[in-house]
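Chain and residue survey
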Amino acid sequence: MQPNAQIFDEIVNNRRSTRKFDTEAPFDTEAVSRSIDRAILSPNSSNMQLWEFYRVRDKEKIAHLAKLCFGQGAASTASELLIIVTRLDKWKSRQQLNYAQIQKQFEGKPIGKTEKRALDYYGKLMPLFYSHDRLNFINTFKKIFTWFRSLTQLTYWQVSYYDLRTIVHKSAALAAQTFMLSMTAEGYSTCPMEGFDSKKVKSYLNLPAGAEINMIIGMGLGLKEGVYGERFRIPRNQVVFEL
Ligand SMILES: Cc1cc2nc3c(=O)[nH]c(=O)nc-3n(C[C@H](O)[C@H](O)[C@H](O)COP(=O)(O)O)c2cc1C
């Protein structure tokens, strides 16, 4: 095993969801900044980066949010909270930024087939893929079109509004995992939470309708009693298959 793999193995094994942090211990806020920078490097669907990260350091704000997390210790004892938010509503601006980036990459070069494909990906396909309306008219049309298309060719089925929400949450969750592993490497513990009043958290952050809370992560110096029991995983042969 490579030395890096050994270190990674240690990080993965040391990460445990921790529900109680040492509220007296000093906390390196720079470790959080570094971990957010690493989280932003996570893979994400079409590099649209439809995510946002809200840091909460203020004790009163943490206490208020802990209430919205149903009083969970992982929030009330946290040195900081990180709220990961999906921003499906920002697809147009992110598509334009990606398009501009590709254009910049090709500046002064002849536009061949590969370049055109890359430009069309952000210029044509992404607008088609991400356009939606909350009443689902566009997506119903897309679904019918997709079904007919599937009669003659291989088909990408994830075209509904529900699918778009899943897509942005997948990417946000990958960023959450990078963040948590990074915090473990920095010597801290974390707890991902989906147990919270999402409507109240969203309104507390003053977010628009198209934004959703993906996860709230509590963090701090972990206490032993904050880890509930031995790690349990279903036997490997029940979840890992080889084709
Ligand atoms: C999306 C997600 C939401 C979770 N929500 C909560 C939560 O609200 N409260 C909590 O105590 N743990 C929560 N957990 C932690 C899981 O219970 C924990 O990851 C699981 O029991 C495995 O334990 P481990 O993380 O220590 O390996 C959540 C984990 C994930 C991935």
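Residues numbered from 1 in each chain as written. Predicted model: local features only at pLDDT ≥ 70, side-chain atom pairs only at ≥ 80, totals over all residues. Heavy atoms only, no water.

**Overview of the packing of helix H1 (residues 3–14) against helix H8 (residues 161–185)**
When two helices pack together, you describe them by how their axes are tilted relative to each other and by the distance separating the axes. Basically, it comes down to this: Helix axes are fitted to C-alpha atoms over the stretch in contact, other axes to C-alpha atoms as well, and angles between N-to-C directions run from 0 to 180 degrees. Secondary structure elements are taken from DSSP: a helix is a run of H or I of four residues or more, a strand is a run of E of two residues or more, and numbering for both begins at the N terminus. Roughly parallel here means an angle under 35 degrees, roughly antiparallel means over 145, roughly perpendicular means 65 to 115, and every remaining angle is called oblique. Working rule for contacts: check all heavy atoms of both residues, and any pair within 4.5 Å makes them a contact. The classification used treats Ala, Val, Leu, Ile, Met, Phe, Trp, Tyr, Cys and Pro as nonpolar, Asp, Glu, Lys and Arg as charged, and all other residues, Gly among them, as polar.
Across the interface, H1 lies against H8 with an axial gap of 9 Å and an inter-helix angle of 105°. One way to sum up the angle between H1 and H8 is to call them roughly perpendicular. Between H1 and H8, the contacting residues are Phe8, Ile11, Val12 and Asn14 on the first element and Leu181, Thr184 and Ala185 on the second. Among the residues forming the contact of H1 with H8, the class breakdown is five nonpolar, two polar and no charged.

**Section: the nonpolar core**
Applied cut-off: Nonpolar cores are built from buried Ala, Val, Leu, Ile, Met, Phe, Trp, Tyr and Cys residues. Side-chain atoms within 4.5 Å join them into one set. Think of it in three bands: residues with accessible area under 20% of the maximum for their type are buried, residues over 50% are exposed, and the middle band is partly exposed, with areas taken using a 1.4 Å probe on protein chains only.
Of all hydrophobic cores here, the largest spans 22 residues; its most connected members are Leu81, Ile83, Met193, Val201, Ile213 and Ile216. Counting only elements with at least two residues in this core, the list comes to helix H3 (59–68), helix H4 (73–76), strand S2 (80–87), strand S3 (189–193) and strand S4 (211–220). Element by element, the count of residues in this core is highest for H3, at four residues. Setting aside residues up to four positions removed in sequence, Met193 forms contacts with Cys69, Gln72, Ala74, Ala75, Leu81, Met215, Ile216, Ile217 and Gly218.

**Concerning the environment of Ser131**
We count it as follows: Within 3.5 Å is the distance limit for a polar contact, defined as a pair of N or O atoms, with the added protein rule that one can donate a hydrogen and the other accept it, and that residues adjacent in sequence qualify only through two side-chain atoms.
As for its placement among the helices and strands, Ser131 is situated in the loop between helix H6 (113–130) and helix H7 (137–150). Here the alpha-carbon distance between Ser131 and Ala176, two residues 45 residues apart in the chain, equals 26 Å. Residue contacts for Ser131: discarding those within four places in its chain leaves Trp91, Met126, Ile138, Asn139 and Lys142. A polar contact of 3.0 Å, which involves the side chain of Ser131, links it to the backbone oxygen of Pro127. A polar contact is formed between the side chain of Ser131 and the backbone oxygen of Leu128, at a distance of 3.2 Å.

**Details of the site of the ligand**
We apply this condition: The criterion for a residue being near a molecule or strand is simple. One of its heavy atoms has to lie within 4 Å of it. Only the protein chains shown count as cover for residues, with accessible areas throughout obtained via the Shrake-Rupley method and a probe of 1.4 Å.
Around the ligand, the neighbouring residues are Arg15, Arg16, Ser17, Arg19, Gln72, Cys191, Pro192, Met193, Glu194, Gly195, Arg231 and Arg233. Arg15 is positioned with one of its side-chain polar atoms (N or O) 3.0 Å from an oxygen atom of the ligand. Glu194 places a main-chain nitrogen or oxygen 3.0 Å from a nitrogen atom of the ligand. Here the ligand loses 67% of its free accessible area of 610 Å² to cover by the protein chains. For the shell around the ligand, the residue count by class is three nonpolar, three polar and six charged.

**Some points on the domain arrangement of the chain**
Reports often express the size of an interface as the amount of accessible area lost when the parts come together. Put simply, the rule is: Domain boundaries shown here were taken from an automatic or database domain assignment. Here the quantity called buried area is the accessible surface, traced with a 1.4 Å probe, that two parts lose on coming together, added over both. In what follows, salt bridge is the name for a side-chain nitrogen of Lys or Arg lying within 4 Å of a carboxyl oxygen of Asp or Glu.
Per the domain assignment, the segments of the chain are domain 1 (16–89 + 168–239) and domain 2 (91–162). Once you take the C-alpha centre of each, domain 1 and domain 2 turn out to be 31 Å apart. Listed by partner, the interface residues are 13 residues for domain 1 and 11 residues for domain 2. Interface area, domain 1 with domain 2, both sides summed: about 980 Å², of which 51% is carbon and sulfur. When the area that domain 1 buries against domain 2 is broken down by residue, the three leading residues are Ser46, Met48 and Leu88, summing to 57%. For the pair domain 1 and domain 2, the number of links is zero salt bridges. Between the two partners, domain 1 and domain 2, sit six residue pairs in polar contact (both at pLDDT 80 or more). Partitioning the side of domain 1 that touches domain 2 into residue classes produces five nonpolar, five polar and three charged.

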